[in-house]
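Reading the structure
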Amino acid sequence: MKLFAPVIAALLLAGQANALAAERLPDGVVSKGSNDIAEAWLTRPTTRYAHGILGDAIEAGGLAVKMSDGRLFEHVLPAGYVFEDRRARPVDLDGDGRDEIVVVLASVTAGAALAVYGFVGAELSLQAKTPHIGRPNRWLNPAEIADLDGDGRVEITAVWTPHLGRVLQAWHYADGKLNQVARIQGYSNHAIGSPVQDLTEVVQLSDGRRALAIPTPGYEKIAFMVLQGGTFAEVARIPAGGRIITAVRSSKNGRKLEFATYPKTFVTMSIP
């Protein structure tokens, strides 16, 4: 029987993987981790929260993780919550060599919150979250996760209510808690009803500083934001030549931004 144990284990693992793949969010994205998590994705499509901010009324009721050693885990939300997102973002937030997962957690009665999931022992569970916005059908869109100010700590950036208040915020995760670092109003990284969430990019300015490139309201200009002493500061604002409709990406040499504007004109923008 011992001869068959590895085969049986492999078959069980394959069956679990197939089941989780079958339950994947239809428009979801599989994200790669850099440490102990190989992949993460959203599962258990549900229509119990009919906000439809990302283009349809299907959200996720579960979060799946494949570890670098092949083990699979899933966290299933209770009925009053959904993941109002298209991806789960594995990244080491606190420098311990293990990935946490950043995702938008929405309450059907209190709207969205920025949430961090991770492992306590062998259990995938919620580690920390910001307060929920406070009412249903209010959302936030994650931006970039990077050390923006060069202090060795990772900032999680996101825009709270990108179609209404348009508040860019930065948070630190440490000791199982999320703490706000900075906030500034007047920026948006999502057009209502669009599945495109990636309208931001981390860039290096010509003076060597890191900056967050993010559209202004109307999506026709890109602002370059630096984080200094717990405060965001806009150092440049450049016209995009039209309304940005695709993800914003750095060029191969890192000196330009690339995106498309309506009606599907490809644009390259020099980084200031």
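Details of the structure are given in the entry above.
Let me begin by describing the structure that accompanies this report. Note that the coordinates shown come from a computational prediction; the quantities given were computed from them, not determined experimentally.

Considering the overall build of the chain
- What the chain contains, in helices and strands, is 1 helix and 20 strands.
- In terms of overall size, the chain behaves like a compact globule, its C-alpha atoms giving a radius of gyration of 19 Å where 272 residues would be expected to give roughly 19 Å.
- On the principal axes, the C-alpha backbone points of the chain span a range of 65 × 40 × 35 Å.
- For the chain, the proportion of its 272 residues judged to be buried stands at 48%.
- Total accessible area computed for the chain in this model is approximately 12300 Å², and 53% of it derives from carbon and sulfur atoms.
- For the chain, the centre of its 28 positive side-chain charges and the centre of its 28 negative side-chain charges are spaced 5 Å apart.

Topic: the pattern of salt bridges
- This structure, assessed with the given rule, holds 11 salt bridges.
- Salt-bridge contacts for Asp198 lead to Arg87; the nearest nitrogen and oxygen are separated by 3.1 Å. Here Asp198 is found in the loop between strand E13 (177-185) and strand E14 (201-204), whereas its partner Arg87 is found in the loop between strand E5 (81-83) and strand E6 (89-91), with 111 residues between them in sequence.
- A relative accessible area of 14% means that Arg87 is categorised as buried.
- Glu234 serves as the salt-bridge partner of Arg237, at 2.8 Å between the closest nitrogen and oxygen.
- For Glu234, a relative accessible area of 32% puts it in the partly exposed group.
- Linked through salt bridges whose partners overlap, the residues forming this network are Arg87, Asp198 and Arg249.

Looking at the environment of Lys264
- By the element assignment, Lys264 lies in the loop between strand E19 (256-261) and strand E20 (265-270).
- Given a relative accessible area of 72%, Lys264 falls into the exposed group.
- Taking the C-alpha atoms as reference points, Lys264 and Thr246, separated by 18 residues in sequence, lie 8.7 Å from one another.

Focus: the sheet that holds E19
- With antiparallel pairing, 3 strands are arranged side by side in an open sheet as E18-E19-E20. Strands with a single pairing partner mark the edges of an open sheet, and in this sheet they are strand E18 (249-250) and E20.
- As paired strands, E18 and E19 are joined by 2 bridges and run antiparallel to one another. Bridge pairing in E19 places Arg249 opposite Glu258.

Rules of the game
- Note that residues are indexed from 1 along each chain, following the sequence as it is written.
- It should be noted that, the model being predicted, local features are given only for residues of pLDDT at least 70 and side-chain atom pairs only at 80 or more, the latter also being counted only at that level, while totals for whole chains, interfaces and linings use all residues.
- The side-chain figures draw on all heavy atoms in the structure; neither hydrogens nor water molecules are used.
- Counting from the N terminus, the helices are the DSSP runs of H or I reaching at least four residues and the strands are the DSSP runs of E reaching at least two.
- Restricting the calculation to C-alpha atoms gives the radius of gyration, and the globule rule supplies 2.2 Å times the number of residues raised to the power 0.38.
- Throughout, exposure labels follow a simple rule: accessible area from a 1.4 Å probe, protein chains only, divided by the maximum for the residue type, with under 20% read as buried, over 50% as exposed, and the rest as partly exposed.
- Values of accessible area rely on a 1.4 Å probe in the Shrake-Rupley scheme; residue burial ignores everything except the protein chains shown.
- Residues scored as positive are Lys and Arg, those scored as negative are Asp and Glu, and His as well as the terminal groups of each chain are ignored.
- Positions of charges follow a simple convention, taking NZ of Lys, CZ of Arg, CG of Asp or CD of Glu.
- Here, a salt bridge means any Lys or Arg side-chain nitrogen found within 4 Å of an Asp or Glu carboxyl oxygen.
- For two strands to pair, DSSP has to find at least two bridges joining them.

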